[in-house]
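Commentary on secondary and tertiary structure
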Amino acid sequence: MTKNNNFDFLRFLFALLVVVSHSFPLSGSNETKQWIYEITNGQIVLAQIGLSGFFIISGFFIFQSLERSSNLKEYFKKRFLRLFPALFFVLLFSVLLAPFVYNGNITFLKNKEVYTYLPFNLTLYGFQSGIKGVFDQNPYHAINGSLWTIRYEFTLYVVLAFLFFFRNNRKIKMIMLSAVFILFVFLYNFCLNRFGNAELFGFQGVHVLNLGAFFIAGSVLATLKFQNLKNKEVILGVSLLLLLLSLYFGIYEKTKHFIFPIVVLLVGFIPLKFINNFGKAGDASYGIYIYSFPIQQTLMYFFKMKTYTLLFSSVVLSIVFGYLSWHCIEKKALRYKRIKTA
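Analysis parameters
- Throughout, a residue's number is its position along its own chain's written sequence, starting from 1.
- Totals for whole chains, interfaces and linings use all residues, but because this is a predicted model, local features are given only for residues with pLDDT of at least 70 and pairs of side-chain atoms are given and counted only at 80 or more.
- Note: side-chain values were computed over all heavy atoms of the structure, leaving out hydrogens and water.
- Between the rings of Phe, Tyr and Trp (Trp by its six-membered ring), a pair exists once the centres lie within 6.5 Å; its type follows the angle of the planes, with under 30 degrees stacked, over 60 edge-to-face, and the other angles tilted.
- A positively charged side chain is recorded as over a ring if its NZ (Lys) or CZ (Arg) lies within 6 Å of the ring centre. The angle to the ring normal must also be within 35 degrees.
- Put simply, DSSP marks the helices as runs of H or I at least four residues long and the strands as runs of E at least two long, and each gets a number from the N terminus on.
- In this scheme, a residue with accessible area under 20% of its type's maximum is buried, one over 50% is exposed, and one in between is partly exposed, where area comes from a 1.4 Å probe on protein chains only.
- In this scheme, patches are assembled from residues that exceed 30% relative accessible area and form no salt bridge. Like charges are connected within 9 Å, while nonpolar side chains (Val, Leu, Ile, Met, Phe, Trp, Tyr) are connected within 5 Å.
- Note on areas: Shrake-Rupley, 1.4 Å probe, and residue coverage restricted to the protein chains presented here.
- Salt bridges are defined as contacts in which a side-chain nitrogen from Lys or Arg sits within 4 Å of a carboxyl oxygen from Asp or Glu.
- As used here, the arc belongs to the directions running from the helix axis to the C-beta atoms.
- When checking whether two residues touch, look at their non-hydrogen atoms; a contact exists if any pair is within 4.5 Å.
- Any pair of nitrogen or oxygen atoms within 3.5 Å is treated as a polar contact; in protein, a donor-acceptor pairing is required on top of that, and neighbouring residues in sequence qualify only through side-chain atoms on both sides.
- By nonpolar core is meant a set of buried Ala, Val, Leu, Ile, Met, Phe, Trp, Tyr and Cys residues that side-chain atoms within 4.5 Å join together.
- Where helices are involved, their axes are fitted lines through C-alpha atoms of the stretch in contact, as for all axes, and angles between N-to-C directions lie from 0 to 180°.
- Our angle categories are set so that under 35 degrees counts as roughly parallel, over 145 as roughly antiparallel, 65 to 115 as roughly perpendicular, and the remainder as oblique.
- Crossings are classed by handedness, with left-handed meaning an anticlockwise turn of the near helix from the far one by less than a right angle and right-handed meaning a clockwise turn.
- Ten residues, namely Ala, Val, Leu, Ile, Met, Phe, Trp, Tyr, Cys and Pro, are considered nonpolar, four, namely Asp, Glu, Lys and Arg, are considered charged, and the remaining ones, Gly among them, are considered polar.

1. Looking at the packing of aromatic side chains
Inspection of every chain in the model, using the stated rule, returns 33 aromatic pairs. By the ring-pair criterion, three or more aromatic residues cluster together here, those being Phe80, Phe84, Phe154, Tyr157 and Phe215. Over the face of the ring belonging to Phe203 we find Arg151, whose NZ or CZ atom lies 5.7 Å from the ring centre. Cation over ring: Lys304 sits above Tyr301, and NZ or CZ is 5.6 Å from the ring centre.

Printed below as a string of structure tokens:
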């Protein structure tokens, strides 16, 4: 598929929405103070839009990546190269930063959490939110609270990989994905009280169902060759109207997994002048997402910023780190994708 689309810009935008949203709790305020929360009567915060958009786009393109892969080794190699090199460096960066913001009761090098932070988080499933004594005086104590979503996304990559065994039967893949999507949406809308707080291996039911439904929605639309849909502008207009009506009548939570994926993908596939070439400078979205939280925590530690001061300064710094991460680490790592896997 050509790059004549807006997805590089959308990923960039969604990453910034997460940064903006985090500025509220990290400065000691509350995400409910966001203008979008107020005008939607508590139905949306910016981080929800960002994460939902990320998982929709990921579900769509990761499904296509699976179909293009000649074997599962190649598929997982591509996934590994996209996630782990940059993740390793942000974890290493955080550990190197930690002594400068450490106020623990024991010396830094005697703190066991210093030595477990990088390896535990690099496994994804041994998530360690922080190091005791680091940012303990901040309103929020975690070093990098953004990283919790990566294990959900990677697990969805693993689950999606089972469709490789049905790669020659698109109809079966569509039926299986649609069935799982309907199940997740049903459980999210009608059984959340029962399963939402359930936890297994560190995964919370509400996030599995919510983010999982968005990811699978993207994959379902990929099986339907959504990019070839005709009259995209008309369908986008209708979808946006339905989205606004769902917000107006207070039913967005019940309809979001059906409407929002269509809106996101249509906005992505209708090329807009200038925006469709946004990615020429590189893809900073992942770097913005993984570096912004420790940047914001560091700014709060040294400067005790107000919400909007933190917001603007952290957005600028996160963009800088995002592009540095892309050009210095991610882009170089992705070159190894071209090496064929036997």
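The rest of the description comes next.
2. A word on the environment of Leu51
Within the secondary structure, Leu51 is located in helix H3 (residues 46-68). Looking at Leu51, the relative accessible area reads 13%, which means it is buried. Along the sequence, Leu51 and Pro271 sit 220 residues apart, while their C-alpha atoms lie 22 Å from each other.

3. Looking at a nonpolar patch on the surface
Together, Tyr125, Val158, Val159, Phe162, Phe165, Phe166, Ile172 and Met176 make up a nonpolar patch on the protein surface, roughly 740 Å² of accessible area in all. Every element with two or more residues in the nonpolar patch is listed here: helix H6 (148-160) and helix H7 (170-190). Along the chain, Phe166 falls in the loop between H6 and H7.

4. Examining helix H5 (residues 112-122)
Residues Val114, Tyr117, Leu118 and Asn121 constitute the buried set of H5. The buried residues of H5 occupy one face: seen down the axis, they fall within an arc of 95°. If you follow the buried residues of H5, they end up packed against helix H4 (72-97). Two to three positions downstream of the cap, the backbone nitrogen of Glu113 sits 3.0 Å from a side-chain oxygen, assigning the N-cap of H5 to Asn111. Immediately downstream of H5, the backbone of Leu124 shows phi near 75°, a positive value.

5. Here's the deal with the pattern of salt bridges
Across all of its chains, the model carries nine salt bridges by this definition. In this structure, Arg82 engages Glu330 in a salt bridge whose closest nitrogen and oxygen atoms are separated by 2.8 Å. On the criterion of sequence distance, the pair formed by Arg82 in helix H4 and Glu330 in helix H13 (residues 307-334) is long-range, its members being 248 residues apart. Glu330 sits in the buried class, given a relative accessible area of 1%. Salt bridges sharing partners connect three or more residues here, namely Asp8, Arg11, Arg82, Asp283 and Glu330.

6. Observations regarding the nonpolar core
Leu87, Leu160 and Ile290 are the most contacted members of the largest nonpolar core, which has 105 residues in total. When residues in this core are grouped by element, the largest group, 12 residues, is from helix H1 (residues 7-26). Excluding its chain neighbours within four sequence positions, the residues that come into contact with Leu160 are Ile62, Phe63, Leu66, Tyr75, Leu177, Phe215 and Ser219.

7. Quick look at the side chain of Arg11
Mapped onto the elements of the fold, Arg11 is located in helix H1. Looking at Arg11, the relative accessible area reads 17%, which means it is buried. Look past the residues within four positions of Arg11 in its chain and what remains in contact with it is Lys3, Phe54, Ile57, Phe61, Asp283 and Ser285.

8. What about the packing of helix H12 (residues 285-303) against H13?
Where H12 meets H13, the closest approach of the two axes is 7 Å, and the angle between their N-to-C directions is 135°. Between H12 and H13, the angle falls in the class oblique. Crossing angle aside, the handedness with which H12 passes H13 is right-handed. Between H12 and H13, the contacting residues are Tyr286, Gly287, Ile288, Tyr291, Ser292, Ile295, Gln296, Leu299 and Met300 on the first element and Leu310, Ser313, Ser314, Leu317, Ser318, Ile319, Phe321, Gly322, Ser325, Ile329 and Glu330 on the second. Grouping the constituent residues of the contact of H12 with H13 by class yields 11 nonpolar, eight polar and one charged.

9. Quick look at the environment of Val263
Mapping Val263 onto the fold places it in helix H11 (residues 252-269). Its relative accessible area of 6% is what places Val263 among the buried residues. Setting aside its immediate chain neighbours within four residues, Val263 contacts Leu236, Ser239, Leu240 and Leu243.

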